[in-house]
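Coordinate inspection notes
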Amino acid sequence: ESADNPAPVLLDFASAGFGERNATRGEYDVSEVYAEAIVPLLSNVGFAEYVGLELAARYSDYSSAGQVWTYKAGGEAKLNSDWRLRALYQRAARAPNIYELFGGLVNTYPAMIDPCSATANPTGAVAALCVAQGIPAGVIGSYQQNGAALEARLVSNPNLNPETSDTMTLGFVFTPSAVPGFNLTVDYYDIKIDDAIERLSGGPGGVLNACFQSNDVNSIYCQTFTRSPTTYEIIDWGVPLANVAQLHTAGVDFAANYRWDMDNLGWGGDAARMTASLLGTWVQKNTLQPNPQSREVDRVGTVGGDTPAIPEWRLTGSLGWASNNLSVTWRTEFISELKDRKYATAILNGSANPTAGITHPTVDAYFYHHLHAAYNFGERYQVFGGVQNLFDKEAPLLTSPI
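In this text, all values refer to a predicted model and were calculated from it rather than measured experimentally. (Residues numbered from 1 in each chain as written. Predicted model: local features only at pLDDT ≥ 70, side-chain atom pairs only at ≥ 80, totals over all residues. Heavy atoms only, no water.)

Focus on the confidence of the model for the protein chain
Rules: One number per residue, pLDDT, summarises how confident the predictor is, and it ranges from 0 to 100. Helix and strand definitions follow DSSP, with helices as H or I runs of at least four residues and strands as E runs of at least two, each counted in order from the N terminus.
Here the protein chain shows a mean pLDDT of 92. Residues at 70 or above account for 97%. No element of the protein chain has a lower mean pLDDT than helix H1 (residues 8-11), at 75, and none a higher one than strand S9 (residues 163-174), at 98.

Considerations on the state of the cysteines
Working definition: the covalent bond between the sulfur atoms of two cysteines is a disulfide. What counts is decided by this rule: Working definition: a disulfide is two cysteine sulfur atoms within 2.5 Å of each other.
Throughout the structure, instances matching the rule amount to 2 disulfides. Each sulfur of the disulfide joining Cys116 and Cys130 lies 1.9 Å from the other. Residues Cys116 and Cys130 are joined by a disulfide whose S-S torsion is about -100°; by sign, that bridge is left-handed. One end of the pair, Cys116, is in the loop between strand S7 (106-108) and helix H3 (124-132); the other, Cys130, is in helix H3, and 14 residues separate them in sequence.

Notes on the packing of aromatic side chains
Test applied: Two rings from Phe, Tyr or Trp (for Trp, the six-membered ring) form a pair when their centres are within 6.5 Å of each other. A pair whose planes differ by under 30 degrees is stacked, one over 60 is edge-to-face, and the rest are tilted. Each residue is placed in one exposure class: buried if its accessible area under a 1.4 Å probe, protein chains only, is under 20% of its type's maximum, exposed if it is over 50%, and partly exposed if it falls in between. Note on geometry: a ring has a charge over it if NZ (lysine) or CZ (arginine) is within 6 Å of the ring centre and within 35 degrees of the ring normal.
Taken as a whole, this structure holds 13 aromatic pairs when the rule is applied. Both rings, one in Trp83 and one in Phe174, keep their centres 4.3 Å apart while their planes meet at 25°; by these two values the pair is stacked. Remark: Phe174 occurs in strand S9 and Trp83 occurs in strand S6 (residues 83-94); sequence separation between them is 91 residues. For Trp83, a relative accessible area of 32% puts it in the partly exposed group. Taking 6.3 Å as the distance between ring centres and 65° as the angle between the ring planes, the aromatic pair formed by Phe182 and Tyr258 counts as edge-to-face. Of the two residues, Phe182 is situated in strand S10 (residues 182-199) and Tyr258 in strand S13 (residues 238-262); the sequence distance between them amounts to 76 residues. Its guanidinium or amino end placed over the ring of Tyr34, Arg58 lies 4.6 Å from that ring's centre, counting from NZ or CZ. Of note, Lys393 hangs over the ring of Tyr366, and the distance from its end group to the ring centre comes to 4.4 Å.

Structure representation (C-alpha cells):
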C-alpha cells in the first residue's frame, strides 16, 4: 500500500499549471509459489566435465492484475578447466505499481493546435469528425482555439495488465590455465518486453493525432476527451496509461580481469599486486514502439527527451596497484558518441535541415577518469580517498530537455 498527499498549492491546482496533481492512495495483495531446480545430467564424459540444467517456475496471483506465470530454463556445460558455456531463456513479468494503478491525475499543458481550430483549417474528414464531436457545422472555420496550448491530464489506469518479457542469453566463461589470473566472460542478450505500460499514444499529442487519424468518434483515442458545449474547446481530457508499448534490446556484455604480481615494483622495493579489468556493453539495438500505431524507433546512440543515454558502446577500464598496506586504482569510463533525440528524429523523418532549432545536435565521445587510494593500518582501520571526474570534465549540453 502507498499514499502520496501533495502540498495544498499542488492539490488545489493553484500553481499556474506546473505539476498540479491529485492525491494517490492504493493497495494490492499478491500471493506466490515458486520452485527452482539445478539438474546435473552428465559428469566427466568425453566432451565435458559437467553438463546440467537450470529450471524454475513461479505462479503469482495479484489482486490488482490477476494471475501470472513466469519461468526459466537453461543450462551450462563445463568443457574443461578453461571453458564453460551457458545459455538461458526466461519469461518474466512486472505487475503495474500503485502509482500506475491508482495515481492522482497530473495536469499538463502541451503546446499544440486543435485540429478543429480555424488555425488548422479543418476540411473533409477532419471537419466531419469535429462535427461528430459536437461542434456545429456552421462554426467550423470560425471556432478558434484559445491560446497556444491545450489542457490535458495524465491519469492512471486501474485496469492495467502485467508487462511480460522474454529474455535469451548465450555466453561463455574463459579461464585459460596457460594464463593464471586471467578470466573472460562474454554474453549475448536479447530482451523483448510486450504490453509495456506507457502513456496512451505516447502522450496528449499522440492521442490527438491518433484520434483524427482514426476518423472514428468512438475510438479509444477520441474517447479520452469531450468538448465544451459553449466554447467547443477540448475539456476533461484524460490521457491514461495503457499496455500498448513494446521494447526490444539486444547486445553483448563482456568482462575481462587479470591479476598478476610484479617483483620490485612495490613500496620499498617489495612486490606489487597488479589488477586490470575491462567491463563493456555493445548495444546492437534498443527499440521502442510507444503504441501499435507508432513507428518503431531505434534509440541506440541517442540521448534527450524521453530517452536516457543509450550509447552504442560503454566501457569501464581500471588498473590497480597494491603493495604492503597501500592500494591505488585508476578507473576510466568511456561513452561513445550520442545524437540528441530531436536531431536523430529529424534525420529519421528525412528533414532537409535536421539541425534547425537544435543548438547541440551531438555529444562527442566522453571519457571520465577517477582515482582512488586506500591505506590499511593493521587489520582494523583503513583510511581512503579519491577524486571522481579527476580532470573536471563538464557535463554535455543538450537541446532536448532532460
